[in-house]
Amino acid sequence: MRNEEFDVLVVGSGLSGLRAGLELSEKWNTAIISKVFPVRSHSGAAQGGINAALGNLEEGKDDTPKRHAFDTVKGSDYLADQDVVMFMCEEAPKIVIEFESMGAPFSRLDSGLIAQRPFGGAGFPRTCYAGDRTGHTLLHTLNEQSVRKGVKFFNEFFLIDLIVVNGKVAGLISLDIAQGELVSFYAPYVILATGGFGRIFKQSTNALINTGDGNGAAFRAGVPMQDVEFVQFHPTTLYGTNILITEGARGEGGYLFNNKHERFMKRTAPEAMELAPRDIVARAEEIEVIDGRGIEDSYVNLDLTHLGAEKINERLPGIREISIYFAGVDPIKEPIPVQPGQHYSMGGIGTKINGDYGETDLPGLYTIGECSCLSVHGANRLGGNSLLETAVFGRYIGRRLIERGLPRRASLGDIKKAESELIDNTERLFQRWNENSGKKPVEIRETMGDIMNKNVGVFRKHENLQKAFDTLRKLQEEFKNAYLLTDDRKFNYSLIRTLELRNMLDIAEVTAYAALWRKESRGAHSRWDYPSRNDKKYLCHSLIYRSKEGLEIKTKPVKLGIFKVKERKY
Amino acid sequence: MVKIQKFLVYRNSGNGEVKYEQFEIPVSKGMSVLEALFYIQDHLDSTLAFRYACRGAICGSCGMTIDKVPLLACRVQVSTLKSSKKPINLPEFIFGDHPNWNPETEILIEPLPNMTILKDLVVDMEPFWKFYREIEPYFTREWNGIAPESAQLPEQMKEIERLVYCILCGLCWACPVNAKNSNYLGPAQLAKANRFVRDSRLDEKQQNVILSRILKDDAVPACEKFFICNKVCPKGVMPGTAIKDIRDNWMNKSNI
């Protein structure tokens, strides 16, 4: 059995993982473990930008981190933890400038400063951007710096489970995708930065690899999932493929039209119009379609034609390319057909109350980025805050752990014992899949995606959520009998995708369960049967655990105190 | 009636065993070649190996040779492939015998050219990353978070914008120089070098570090101006033009 020993393991090589790895590699023997090469990570698909109160534009000169924090908290429908939001927004200008110092090629103003654009839910043009490929350029910049600093990578290694010894994390076991072998990594610190898990939905902007592998491993190790009922549906995903069309398209002045050629946002957000936050625009679009004002009864139009060819080519070239290749539509000439699609998971791996940001209840285990719930986004994330979160907390966690110092390692004997149990379980799992006679994983995966889409979508109600939960319970049973050839393990992507499905079924089940529990409407969680917010009962974070009896819920208070909880209007 | 599309797919066990296999796939509306490959993996043969990630042409994972043209599988529509325009005068990429391919009716799927094949459509990218690292593609400034950021005018940024779009997919390694010289750094790598040496913010020292590597053998001088890279690049990076820029502006300067 091959094994490797490090001081700290970072799982995931998107922006969060890379930024943490860069910080930690300076001092400690650090490994970044990822199922893909770093530049393939989904951070690279982020388009619009990264928020920071730089005030580079005249209209933004009164912007401050505190105003950024206020917009974020309001956008979160007051569910975000205000201390951590404040920290993120104060770090924002520094982290953006740090990216620039690393060489990130931002778009520029005539003054030579980083360009900024308006984004939904923001009081000022605060979103720093690199055309409409901001995530791509930041991901490549961190990859370049990782090359410069000689960061150690294990690419194409798939996280299976965490090794836990005496109630503390001691490493992980993984599958080396190329060799098809199980490989263990030992370390007293593990940071999960595995990204989102939007693929539990059929229609998602997420990469196919966004399957919640860190979430699954943490959940099996007893760590709760927090606020997973809050799922962001992006209002402008390409009709059909659900590829993201950046909010920047509306930030640059794009309009949304229904089949009567009305700018329907005037009904829901007369002031903010198309630049209302994502949850609000997504609901408005669904209502248009439900009330018969959708085009072909299924989508609305995002019209950029009035912006002109020059602006589109300069500011939104990637959007033009996507529209042409994936929908056969040139946005210079005609509107882009769009519909809401799953985009972002506000919830994720639960964090410890009054711990360091990103610390979990399992000693030694930390989590950052989309897989985590810190919670900076509460019930709804503002555009431009996710790239920000990744780098701010990647850097923070690296610095914080170094400050804390390395914990005592578990004894090698104890680690080996825990490891061999996990290995045996995994081997048995593979063996069982090989010998089973049940459904193919694809059937289970597709049913899961359909059921989540239909019943746990933009609008929710009890009977639909119950139906989703019951179906997911059934799918969990069917999955035990799923059939898959596992004897040839080299580059066995079917095996990888089945391991991913194991993680997704857990998260989907937890999402439906938490959504059933939360009998109110807040942010992205919108229930027909409970249309208003209920602060008395639900101004709290949900934490879902798996016990022998099934799923269990606990709650955690929201950290308030900086901004007063108010009604949210735009 | 569901339309059925035939695929002829290169298979390689990784142990030297090579064959072409035919699959028939029901085509759904808007189906990409990548989705068709998933259909095979999910329903017909779970062992078919190929890389993927974003399915939106931004991650660079799913490069492969489709009907003899290096392409991103996620960005090619099954229904329009046969009628779409193909780049002309590409070199012929040979992976094995496929005597039965019918170019009119069958979609031929093969791995990327000029790379070692590990399994089916999965190629060894390590040489690609090694040469990427070799050009030292990075800024060496101390990181700092103090405002203001270093200035760059919009027109200075424009000079590198196209080069920044590179997704490191490896399609440009279809270059005939890569075919005959396994030490050639490659078009993507040299375009990346151009992205740095053209950046108004890069200091002279690091610029010289990069130039001193790429002005030597197996780099810029090895380029034979085929411009195949410009034709196959899915992102309009134009690596051949980037190499030309380096050659025209730095090749004959005495201080390097």
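Computed from a prediction, not measured in an experiment: that's the story for all the values here.

1. Some remarks on the overall build of chain B
So, step 1. Counting its secondary structure elements, chain B contains 8 helices and 7 strands.
So, step 2. With the C-alpha coordinates aligned to their principal axes, the bounding extent of chain B is approximately 65 × 40 × 35 Å.
So, step 3. Among the 256 residues that make up chain B, the fraction classed as buried is 48%.
So, step 4. Put simply, of all contacts in chain B between residues at least 6 apart along the chain, 68% involve residues at least 24 apart.

2. Considering the overall build of chain A
So, step 1. Secondary structure summary: chain A contains 16 helices and 22 strands in total.
So, step 2. For a compact globule of 570 residues, the expected C-alpha radius of gyration is about 25 Å, and chain A comes in at 23 Å, within 12% of that figure.
So, step 3. Dimensions of chain A, computed from C-alpha atoms along their principal axes, come out at roughly 65 × 50 × 50 Å.
So, step 4. Every one of the 570 residues in chain A was classed for burial, and the buried ones make up 64%.
So, step 5. By sequence separation, contacts in chain A at least 24 residues apart represent 75% of the contacts at least 6 residues apart.

3. A look at the sheet that holds strand 1 (residues 2-5) of chain A
The strands that make up a sheet pair up through hydrogen bonds in the backbone, lying either parallel or antiparallel.
Residues and elements named next belong to chain A.
So, step 1. With respect to topology, 4 strands assemble into an open sheet ordered 1-10-9-8, the strand pairing being mixed. Unpaired on one side and paired on the other, strand 1 and strand 8 (157-165) mark the two borders of the sheet. For this sheet the average axis-to-axis angle between neighbouring strands, irrespective of direction, equals 25°.
So, step 2. With 6 bridges joining them, strand 9 (residues 168-176) and strand 10 (residues 181-186) adopt antiparallel strand pairing. By the bridge assignment for strand 10, D176 is matched with E181.
So, step 3. In the packing of helix 12 (residues 412-435) onto the sheet, the strands contacted are strand 8, strand 9 and strand 10, and the crossing angle to strand 8 comes to about 135°.

4. Re the domain arrangement of chain A
Residue and element names in this part refer to chain A.
So, step 1. Assigned domains of chain A: these are domain 1 (235-340) and domain 2 (412-535).
So, step 2. With 5 residues of domain 1 in contact, the opposing surface of domain 2 contributes 5 residues.
So, step 3. Looking at the side of domain 1 that touches domain 2, the element that brings in the most residues is helix 8 (residues 278-290), giving 4 residues.

5. Focus: the nonpolar core
All names here are of chain A.
So, step 1. One finds L9, V190 and I191 to be the most contacted residues of the largest nonpolar core, which totals 264 residues.
So, step 2. For this core, the element with the most residues is helix 15 (residues 493-517), which contributes 14 residues.
So, step 3. Discounting residues that sit within four places of it in the chain, I191 has contacts with V8, V10, V11, A20, Y366, T367, I368 and I397.

6. So, the domain arrangement of chain B
Often the size quoted for an interface is simply the accessible area lost on bringing the parts together.
Residues and elements named next belong to chain B.
So, step 1. Under the domain assignment, chain B is made up of domain 1 (4-122) and domain 2 (126-250).
So, step 2. Centre-to-centre, using C-alpha coordinates, domain 1 lies 28 Å away from domain 2.
So, step 3. Contacts between the two partners involve 16 residues from domain 1, matched on the other side by 14 residues from domain 2.
So, step 4. Considered class by class, the residues forming the side of domain 1 that touches domain 2 number 12 nonpolar, 3 polar and 1 charged.

7. Comments concerning the interface of chain A and chain B
So, step 1. Contact residues are listed per partner, giving 49 residues for chain A and 47 residues for chain B.
So, step 2. Looking at the side of chain A that touches chain B, the elements that each hand over two or more residues are helix 3 (82-101), helix 4 (134-149), helix 10 (317-327) and helix 15 of chain A.
So, step 3. In terms of residue count, the dominant contributor to the side of chain A that touches chain B is helix 3 of chain A (7 residues).
So, step 4. Residue composition of the side of chain A that touches chain B, by class: 24 nonpolar, 13 polar and 12 charged.

8. What to know about the packing of helix 5 (residues 187-197) of chain B against helix 6 (residues 204-214) of chain B
Residue and element names in this part refer to chain B.
So, step 1. Their axes nearest at 10 Å, the elements helix 5 and helix 6 cross at an angle of 150°. Taken together, the axes of helix 5 and helix 6 are roughly antiparallel relative to one another. Along this stretch, helix 5 crosses helix 6, giving a crossing that reads as left-handed. Counting all contacts with helix 5, which are made through L190, A193, F196 and V197, the residues of helix 6 involved are Q207, I210, L211 and I214.
So, step 2. Broken down by class, the residue content of the contact of helix 5 with helix 6 amounts to 7 nonpolar, 1 polar and no charged.

9. Some words on the sheet that holds strand 22 (residues 550-557) of chain A
Residues and elements named next belong to chain A.
So, step 1. Judged by pairing direction, the sheet is antiparallel, and its 4 strands sit side by side in the order 17-12-21-22 without closing on themselves. The sheet terminates laterally at strand 17 (348-349) and strand 22, the two strands that pair on one side only.
So, step 2. Inspection of the sheet shows strand 21 (residues 540-547) paired to strand 22 by 8 bridges, in the antiparallel sense. Bridging across to strand 22, S547 finds its partner in G550.
So, step 3. This element, helix 15, spans strand 12 (225-226), strand 21 and strand 22 of the sheet and lies at about 130° to strand 21.

10. Structural notes on the environment of E286(A)
All names here are of chain A.
So, step 1. Its place among the elements puts E286 in helix 8.
So, step 2. A tally of 20 C-beta atoms within 10 Å means that E286 is categorised as buried.
So, step 3. Once you skip the residues sitting within four places of it in the chain, E286 turns out to touch P340, V458 and F459.

11. Let's talk about helix 4 of chain A
It helps to recall that an α-helix has 3.6 residues per turn; residues three or four apart then point in one direction.
Residues and elements named next belong to chain A.
So, step 1. Along its 16 residues, helix 4 runs 23 Å from first to last C-alpha, staying within 8% of the 22 Å computed at 1.5 Å per residue.
So, step 2. Most of helix 4 sits inside the fold, with 13 of its 16 residues counted as buried.
So, step 3. Once helix 4 finishes, G150 follows within two positions and takes phi at roughly 65°, a positive value.

12. Details of unusual backbone geometry
So, step 1. For the bond from L374(A) to S375(A), the omega torsion is -5°, close enough to zero to count as cis.
So, step 2. Cis peptide bonds are those with omega within 30 degrees of zero, and the linkage from A147(B) to P148(B) qualifies with -5°.
So, step 3. Looking at where P148(B) falls in the secondary structure, it is placed in the loop between helix 2 (126-134) and helix 3 (154-164).
So, step 4. Here D120(B), not a glycine, exhibits a phi torsion of approximately 45°, which is positive.
So, step 5. Positionally, D120(B) belongs in the loop between strand 6 (117-119) and strand 7 (122-123).
So, step 6. Residue D120(B) is classed as buried on the basis of its C-beta count, with 25 C-beta atoms lying within 10 Å.

13. Quick word on helix 5 (residues 213-220) of chain A
So, step 1. Of all 8 residues making up helix 5 of chain A, 7 are buried, and the element is well covered by its neighbours.
So, step 2. Three or more residues of helix 5 of chain A are buried, namely D213(A), G214(A), N215(A), G216(A), A217(A), A218(A) and F219(A).

14. Concerning the environment of L175(A)
All names here are of chain A.
So, step 1. By the secondary structure assignment, L175 is in strand 9.
So, step 2. In sequence terms L175 and Q476 are 301 residues apart; their C-alpha atoms lie 22 Å from each other.
So, step 3. Filtering out sequence-adjacent residues up to four positions away, L175 remains in contact with F158, I160 and L182.

15. Brief notes about the packing of helix 14 (residues 462-480) of chain A against helix 15 of chain A
Residue and element names in this part refer to chain A.
So, step 1. Interhelical geometry of helix 14 versus helix 15 gives an angle of 155° and a closest axis separation of 9 Å. In terms of orientation, helix 14 lies roughly antiparallel with respect to helix 15. The handedness of the crossing between helix 14 and helix 15 is left-handed. On helix 15, the residues that touch H462, L465, Q466, A468, F469, L472, R473, L475, Q476 and F479 of helix 14 are L501, R502, L505, A508, E509, A512, Y513, A515 and L516.
So, step 2. Grouping the constituent residues of the contact of helix 14 with helix 15 by class yields 13 nonpolar, 3 polar and 3 charged.

The rules behind the values
Residues numbered from 1 in each chain as written. Chains lettered and ligands numbered in written order. Predicted model: local features only at pLDDT ≥ 70, side-chain atom pairs only at ≥ 80, totals over all residues. Helix = DSSP H or I, 4+ residues; strand = E, 2+ residues; numbered from the N terminus. Buried ≥ 20, exposed ≤ 12 C-beta atoms within 10 Å, placed from the backbone. Contact = placed C-beta atoms within 7 Å. Rg over C-alpha atoms; globule rule 2.2 N^0.38 Å. Pairing = 2+ DSSP bridges. Axes fitted to C-alpha atoms, helices over the stretch in contact; angles between N-to-C directions. Domains from an automatic or database assignment. Core = buried A, V, L, I, M, F, W, Y, C linked by C-beta atoms within 7 Å. Nonpolar A, V, L, I, M, F, W, Y, C, P; charged D, E, K, R; others polar. Parallel < 35°, antiparallel > 145°, perpendicular 65-115°, else oblique. Left-handed = near helix turned anticlockwise from the far one by under 90°. Expected span 1.5 Å × (residues − 1).

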